[in-house]
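Structure at a glance
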Amino acid sequence: MSESSKKNSKPNIVFFFTDDQRHDTIQALGNDSIHTPNIDRLVKMGTTFTHGHIPSGTSAAVCMPSRAMVLTGRSLYHIDGAGQKIPEDHVMLGSALRDAGYQTFGIGKWHNGRESFNRGFTGGKDIFFGGMHDHWNVPVHDYDPDGFYKGRAPYIKKFFATNKTEHRRYDHMYQGVHSSTFIARAAINFISSHDRSNDKSAPYFMYISFLAPHDPRTMPKRFLEMYDINDIQLPPNFLRMHPFDTGELYIRDERLAKHPRKPDEVKQHILEYYAMISHLDYEIGRVIDALEAKGDLDNTILVLAGDNGLAVGQHGLMGKQNCYEHSNRVPLLFAGPAIPKNNKTDAHAYLMDIYPTLCDLVGVSIPDSVEGKSLVPAMNDDNEKIREHVFYGYERYIRSIKDSRYKLIEYVIKKKHTKSQLFDLKEDPWEKNNLLEKEGENLSEFNEEKVKELREVLCTFRDEWDDVESYWGKCFWKGFCKSFPEYSNEKIRKIGRLKTAKSKVHLYRKYVGTGKEYFYSWLINRKTSKNKDNTYTIYK
Ligand SMILES: [Ca+2]
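To keep things clear, this report deals only with the structure shown in the data block.

Scoring rules and cut-offs
Residues numbered from 1 in each chain as written. Predicted model: local features only at pLDDT ≥ 70, side-chain atom pairs only at ≥ 80, totals over all residues. Heavy atoms only, no water. Pairing = 2+ DSSP bridges. Helix = DSSP H or I, 4+ residues; strand = E, 2+ residues; numbered from the N terminus. Axes fitted to C-alpha atoms, helices over the stretch in contact; angles between N-to-C directions. Contact = heavy atoms within 4.5 Å. Donors = N, O, S within 2.8 Å, 3.2 Å for Na, K, Ca; no water. Tetrahedral: all angles 85-135°; square planar, octahedral: opposite > 155°, others 65-115°. Patch = residues over 30% accessible without salt bridge, like charges linked within 9 Å, V, L, I, M, F, W, Y side chains within 5 Å. Areas by Shrake-Rupley, 256 points an atom, 1.4 Å probe, with all protein chains shown as cover. Salt bridge = Lys/Arg side-chain N within 4 Å of Asp/Glu carboxyl O. Lys, Arg positive; Asp, Glu negative; His and termini not counted. Charge placed at Lys NZ, Arg CZ, Asp CG, Glu CD. Buried < 20%, exposed > 50% of the residue type's maximum accessible area, 1.4 Å probe, protein only. Polar contact = N/O pair within 3.5 Å; in protein donor to acceptor, adjacent residues only side chain to side chain. Expected span 1.5 Å × (residues − 1). Phe/Tyr/Trp six-rings, centres within 6.5 Å; stacked < 30°, edge-to-face > 60°. Lys NZ or Arg CZ within 6 Å of the ring centre and 35° of its normal.

Attention now moves to the sheet that holds strand S1 (residues 12–18). Spatial strand order, S5-S4-S8-S1-S9-S11-S2-S12: eight strands in an open sheet with mixed pairing. Looking at which strands have only one partner, the edges of the open sheet turn out to be strand S5 (123–129) and strand S12 (343–345). In this sheet, neighbouring strand axes are inclined to one another by 10° on average, regardless of whether the strands run parallel or antiparallel. With three bridges joining them, strand S2 (residues 46–49) and strand S11 (residues 332–335) adopt antiparallel strand pairing. Within S11, the residue paired with Thr48 across the bridge is Leu333. On the sheet, helix H2 (residues 37–45) packs against S1, S2, strand S9 (300–306) and S11 and is oriented at approximately 105° with respect to S2. Packing of helix H3 (residues 63–72) onto the sheet brings it into contact with S1, strand S4 (103–110) and strand S8 (204–209), and relative to S1 it is tilted by some 165°.

In structure tokens:
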């Protein structure tokens with residue numbers, strides 16, 4: 001067999017990556033209120049990881065570290081900063097597949113720095129560099145083989161406040177075409193033009209990164225009309241206000257609905273969220289149909305994953321800046337050759353496992369820089385749980401750990417440990433009853449032991465994942481160990497004042513949503529000094 005025909009025998013890979021889609025927004029997985037016939041089809045075609053997770057995130061823009069973990073297969077504190085860019089020694093999924101003979105093609109949202117895009121992809125279309133946008137006017141780029149993406153075009157950023165036309169970096173825009181539609185269209189065009197019968201033509205890895213269902217929640221009207229507000233139920237853990245400070249109660253996402261939350265307003269948000277997912281589902285269906293029409297479906301591995309969850313009214317929250325299950329569990333499913341059909345597993349998966357899983361499935365060696373684990377053993381064996389515990393860390397405020405049944409969440413606000421929550425997820429999957437609160441000072445022996453056990457495991461993750469090496473970890477663990485010195489170690493005792501970094505974080509938070517936040521969040525991990533004119537000198 002010649003080298004080229006050997007390469008050609010590998011299956012294609014099509015990766016659907018959705019933005020802010022919670023794990024339970026798929027009808028085939030038990031949500032009767034939502035219409036997702038095409039994702040349901042994927043569920044039947046393959047194996048669903050009902051417990052796919054992100055380990056929360058180091059930025060309020062949780063998407064950014066989450067995507068960096070997917071693209072590099074690395075854990076939360078081993079990506080660069082909060083994932084604003086991807087260093088060259090973190091071999092990206094696209095690069096690994098490209099080196100193994102794949103044609104790699106990227107479409108849609110890219111949240112991890114312009115310079116890394118071409119390291120992963122040999123081609124692409126309609127690339128959006130950024131976090132979120134009005135879905136009907138998305139500034140996008142054609143693929144630039146030189147990787148500069150220099151195109152500039154007129155853009156009115158503040159259309160309420162000024163008639164001034166600015167310029168920003170993009171080269172075209174499909175006014176009035178929804179992001180999910182033009183992203184699916186680019187994928188379909190790629191599929192129909194790709195010819196694998198040609199000897200020079202390789203199998204492809206297509207990364208289809210949607211901007212939906214991230215807000216602003218808009219979609220073609222017919223998808224909105226699928227839903228009746230009277231059929232929408234409030235979640236069982238709906239609260240008008242979150243009962244205590246999480247550190248992020250008033251961040252942008254939390255201001256999408258009024259405080260205190262009103263049931264009718266929350267129901268409307270849920271309806272629009274579902275309608276947007278139904279539209280996304282329709283567009284995913286068009287791509288699957290195109291694969292089928294081309295005769296590629298039987299020789300293609302399909303992946304669907306969401307980059308983070310979303311509260312939408314649960315626990316009195318709207319966003320994803322917390323460590324509850326709704327914000328950190330995501331859809332994760334695989335279909336294709338050698339993947340068991342109509343199969344579900346509750347193995348503890350992270351999104352960083354997708355990378356080694358795909359390598360494993362197509363026989364490509366996993367680069368040393370990858371930390372995730374192949375999920376293939378769990379596809380074929382119900383007893384294989386991949387990992388015993390799942391760790392979550394949100395910014396500098398929250399750390400959490402769960403085993404197959406219990407979950408502990410710890411909060412450090414304003415440098416002090418303020419709260420512990422222990423949930424029995426088997427009896428209380430909606431995380432409503434804090435077992436520690438119910439008992440007050442008189443903890444049952446079991447719960448006392450459980451907290452102790454989970455704290456020990458949390459500290460193991462802290463040390464193995466190098467949480468304390470990050471600015472966020474320094475803040476959290478310094479505060480936590482002030483209350484619980486028994487969990488301190490040499491590194492934590494050595495942490496000095498975090499004053500300089502704090503002022504940078506303050507600036508970061510001040511600029512959230514303006515585009516400058518990425519600069520400040522990048523700055524946080526750099527050794528800098530502040531000058532008199534409020535600029536920074538950066539030493540490395
Ligand atoms: Ca997201």
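Further remarks concern the coordination of the calcium ion. Donor atoms from the polypeptide that coordinate the calcium ion comprise Asp19 (OD), Asp20 (OD), Cys63 (SG), Asp307 (OD), Asp307 (OD) and Asn308 (OD1), at 2.2 to 2.6 Å from the metal. Because the angles between the six donor atoms bound to the calcium ion fall within 52 to 160°, the donor set is best described as irregular. On the primary sequence, the residues serving as donors to the calcium ion are separated as D-D-x42-C-x243-D-N. Taken together, the positions of Asp19 in the loop between S1 and H2 and Asn308 in the loop between S9 and helix H9 (325–328) put the pair 289 residues apart, joining distant regions of the chain.

On the surface, a cluster of positive charge is made up of Lys415, Lys416, Lys482 and Arg497. With respect to the helices and strands, Lys416 occurs in strand S17 (residues 416–424).

A large share of S8 lies buried, amounting to six of its six residues. Residues Tyr204, Met206 and Ile208 line one face of S8 and the alternating positions Phe205, Tyr207 and Ser209 line the opposite face, and both faces are buried. When S1 meets S8, the two strands line up parallel, connected through five bridges. Each bridged residue has a counterpart across the sheet, and for Phe17 the counterpart in S8 is Ser209. Sheet topology places S4 next to S8; six bridges connect them, and they run parallel. When the bridges of S8 are listed, Ile107 appears paired with Ile208.

What follows concerns the side chain of Asp126. Mapped onto the fold, Asp126 is located in strand S5. Within the structure, the side chain of Asp126 is placed 2.8 Å from the side chain of His172, a separation counted as a polar contact. Side-chain polar atoms of Asp126 contact the side chain of Tyr174, separated by 2.8 Å. Residues within four places of Asp126 in sequence aside, it is in contact with Ile107, Gly108, Val140, His141, Asp142, His172, Tyr174, Phe182 and Ala186.

Evaluated as defined, the whole model comprises 34 salt bridges. Asp253 is the salt-bridge partner of Lys320, the closest N and O atoms lying 3.7 Å from each other. In this pair, Lys320 sits in the loop between S9 and H9 while Asp253 sits in the loop between helix H7 (221–224) and helix H8 (263–294), placing the two residues 67 residues apart along the sequence. Like Asp253, Lys320 is buried. Residues participating in the shared-partner salt-bridge network are Asp20, Asp215, Arg252, Asp253 and Lys320.

Spatial strand order, S10-S3-S13: three strands in an open sheet with mixed pairing. Sheet topology places strand S10 (329–330) and strand S13 (349–350) at the edges, where each strand pairs with a single neighbour. By the bridge criterion, two bridges tie strand S3 (residues 52–53) to S13 in an arrangement that is parallel. When the sheet's bridge partners are listed, Gly52 is paired in S13 with Ala349.

Take helix H14 (residues 471–483) next. With 13 residues, H14 should reach 18 Å at 1.5 Å per residue; the first-to-last C-alpha distance of 19 Å fits that figure. Burial in H14 covers these residues: Tyr471, Trp472, Gly473, Cys475, Phe476, Trp477, Gly479, Phe480 and Cys481.

Attention shifts here to the side chain of Thr72. Along the chain, Thr72 turns up in helix H3. Judged by its relative accessible area of 1%, Thr72 falls in the buried class. A polar contact of 2.7 Å, which involves the side chain of Thr72, links it to the backbone oxygen of Ala68. For Thr72, the side chain forms a polar contact with the main-chain nitrogen of Arg74, separated by 3.2 Å. Apart from the residues within four sequence positions on either side, Thr72 is in contact with Ile79, Ile86, His90, Val91, Tyr355, Ser369 and Val370.

Right, let's talk about the packing of aromatic side chains for a bit. Counted according to the given criterion, the structure contains 34 aromatic pairs. With a centroid separation of 5.1 Å and 85° between ring planes, the pair formed by Trp110 and Phe117 is classed as edge-to-face. The same class applies to Trp110 as to Phe117, namely buried. Aromatic side chains Tyr155 and Tyr170 sit 6.1 Å apart centroid to centroid with 70° between the ring planes, which places their arrangement in the edge-to-face category. A residue pair is termed long-range when its members are at least 10 positions apart, and Tyr155 in strand S6 (residues 152–155) and Tyr170 in the loop between strand S7 (166–169) and helix H6 (179–193) qualify at 15 residues. Both residues of the pair, Tyr155 and Tyr170, belong to the buried class. Among the aromatic residues, those joined into a cluster by ring pairs are Phe15, Phe17, Trp110, Phe117, Phe121, Phe129, Tyr143, Tyr149, Phe205 and Tyr207. Seen from the ring of Tyr282, Arg222 lies directly overhead, with NZ or CZ sitting 4.9 Å from the centre.

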